[in-house]
Each structure stands twice: as C-alpha cells, then as structure tokens.
Amino acid sequence: MFGKLYGVGVGPGDPELLTLKAVRIINECDYIAIPCDKKEQCLSYAIALQAIPNLANKPIIPINIPMIKDEVISKQNYQNASQNLISYLEQGLTIAFLTIGDPTIYSTYLYLHEIIMANHFECEIISGITSFCAAAATLNKGLVKKDEPLHLIPASYPVEEVLDLPGTKIFMKSGKQLSSIKSALLAKNLSSKMIANCGLENEVIYQRVEDFPEESSYYTLIITT
C-alpha cells in the first residue's frame, strides 16, 4: 500500500495560527518535507517547531527548488523533486510538506501536488491561514464588504495595469519590487498599507505609502484600497 502526501499550511508566521488539523497531521506523518536544503534555513519548519516541539525528532526530506522563471528548467526541477517524494510514498510512508500560509496560494507545494496526483498517488491539502488575512487582522480592518471584489496580485510581475481594478488589491511577495510598486501607488494616489514579516518577531508595519521603504524582505505584503 502506498503512502500519502499532505501539503500542510503553517500560517504566515505566528505559531498560534497553526490549525488543530495541521498540528495533528504533522504529528502523525512519518516524514516532514521542507522547501529548503536544511531545516535550520526553513521558515515554515521554524514556525511549526514552535507549536510542535517534538517536530525536532521527525526525519526531514529537503526539497529545494530554486525560484526561477525559465519554464523548462523549472518544470524539470519540479519533476525531480516529485520523484524524490514518490520514492518515499512507494514505501508506504506518509509525508507532511510544510508551506508558509496556505498551500493553495502561490506555493511551491501546488506544483508537486499536481505532478504526484497525476502519478496516481494520494495527496491532501491542509489549509492554513493566509498572509493577507493575517495582515488584515493585524491592521484591525476588513478586506472586502458587500459586492467589493478582492484581487491577489503576485508583485514579482508588472503591476501597473491592475491598479485601476475596483475593490481591494493585495500585492504579495513585494520585497524586490517595492520601489516600483511604491512609485506606482503614489502616482495613482492610492491608499495603501504594508506589512513585512507578518506574525514574526521582525514584523514591520507601514500605514502610509509615503513611508514605505525602497526595499524590503521577500515576505512583504501591501493592501491597497
């Protein structure tokens, strides 16, 4: 009998935001997969460890896939990583792949999930609290009401064309593009707030676009209304 792969969302940073189901699955699984070479370098592992101390005793499967835009190389990297995980599933082992936030939102896990499902192995997604919901809660404000739309925007791509969309816009992973996003927001005179490292010890909040720095960490999120 083959094993099963779980994509487990550990939330945005605060270990108290892990769900009860995430904690149970992590405890029950034979192996823990992480999107890094070493667990000491892995943020999702560090978050889960604070909520599940015995995680330190679990064997680790390192799955490091460089974030590149070359489709051919990227596809091969995901195929190789998937075959690595499949080698454990073929032994009947269960694996919890830890991912920041929720596995269904711009996660490395999603690509692996699709490949492994296509190879007829059982996979399950364990939902986690998203960074933008946690950020809104930290700011003590809502995101949308009534018929207002909500737009999720990967900030590593050009954003100017989406600034005129109605409703609330969430720019995710904004760190490297922060300077250009800031300029675009100022030009449009759009009200925005920024949170970097939401839920972590080094969390930083900026309430006005004018105060945004020119650069920030990878885990930077902007809420624009």
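Going by the structure above, here's the rest.
Residues numbered from 1 in each chain as written. Predicted model: local features only at pLDDT ≥ 70, side-chain atom pairs only at ≥ 80, totals over all residues. Heavy atoms only, no water.

1. A look at the sheet that holds strand 4 (residues 95-99)
Alright, step 1. Spatial strand order, 3-2-4-1-5: five strands in an open sheet with parallel pairing. Each of the sheet's edge strands pairs with one partner strand only, and the pair in question is strand 3 (60-62) and strand 5 (122-126). The average angle at which neighbouring strand axes cross in this sheet is 25 degrees, direction not considered.
Alright, step 2. Across five bridges, strand 1 (residues 4-9) lies against strand 4 in parallel orientation. Opposite Leu 5, over in strand 4, you have Ile 95 as the bridge partner.
Alright, step 3. Sitting on the sheet, helix 2 (residues 43-51) touches strand 2 (31-34), strand 3 and strand 4, and the angle it makes with strand 4 is about 105 degrees.
Alright, step 4. Against the sheet, helix 3 (residues 71-89) makes contact with strand 1, strand 2, strand 3 and strand 4, and its axis sits at roughly 155 degrees relative to strand 3, the strand it touches most. (Pairing = 2+ DSSP bridges. Helix = DSSP H or I, 4+ residues; strand = E, 2+ residues; numbered from the N terminus. Axes fitted to C-alpha atoms, helices over the stretch in contact; angles between N-to-C directions. Contact = heavy atoms within 4.5 Å.)

2. Re a nonpolar patch on the surface
Alright, step 1. A cluster of nonpolar side chains, Tyr 106, Val 144, Leu 150 and Leu 152, forms an exposed patch at the surface whose accessible area comes to about 290 Å².
Alright, step 2. Along the chain, Tyr 106 falls in the loop between strand 4 and helix 4 (108-118).
Alright, step 3. Its relative accessible area of 37% is what places Tyr 106 among the partly exposed residues. (Patch = residues over 30% accessible without salt bridge, like charges linked within 9 Å, V, L, I, M, F, W, Y side chains within 5 Å. Areas by Shrake-Rupley, 256 points an atom, 1.4 Å probe, with all protein chains shown as cover. Salt bridge = Lys/Arg side-chain N within 4 Å of Asp/Glu carboxyl O. Buried < 20%, exposed > 50% of the residue type's maximum accessible area, 1.4 Å probe, protein only.)

3. Topic: the sheet that holds strand 7 (residues 168-172)
Alright, step 1. Taken in spatial order, the five strands of this open sheet run 6-7-10-8-9, and their pairing is mixed. The sheet is open, and its two edges are formed by strand 6 (150-154) and strand 9 (204-206), each paired on a single side. Looking at each pair of strands side by side, their axes are set apart by 15 degrees on average, direction ignored.
Alright, step 2. Across the face of the sheet, helix 5 (residues 131-138) comes into contact with strand 6, strand 7, strand 8 (192-196), strand 9 and strand 10 (220-224) while running at roughly 65 degrees to strand 10.

4. Examining the pattern of salt bridges
Alright, step 1. Considering all chains together, one arrives at seven salt bridges under this definition.
Alright, step 2. For Glu 124, the salt bridge goes to Lys 21, with nearest N and O atoms at 3.4 Å. Residue Glu 124 is located in strand 5, and its partner Lys 21 is located in helix 1 (residues 20-28); the two are separated by 103 residues in the primary sequence.
Alright, step 3. A salt bridge links Asp 164 to Lys 188; its shortest N-O distance comes to 3.1 Å. Of the two residues, Asp 164 is situated in the loop between strand 6 and strand 7 and Lys 188 in helix 6 (residues 178-188); the sequence distance between them amounts to 24 residues.
Alright, step 4. The class for Asp 164 is exposed, based on a relative accessible area of 57%.
Alright, step 5. Exposure remark for Lys 188: the relative accessible area of 39% places this residue in the partly exposed category.

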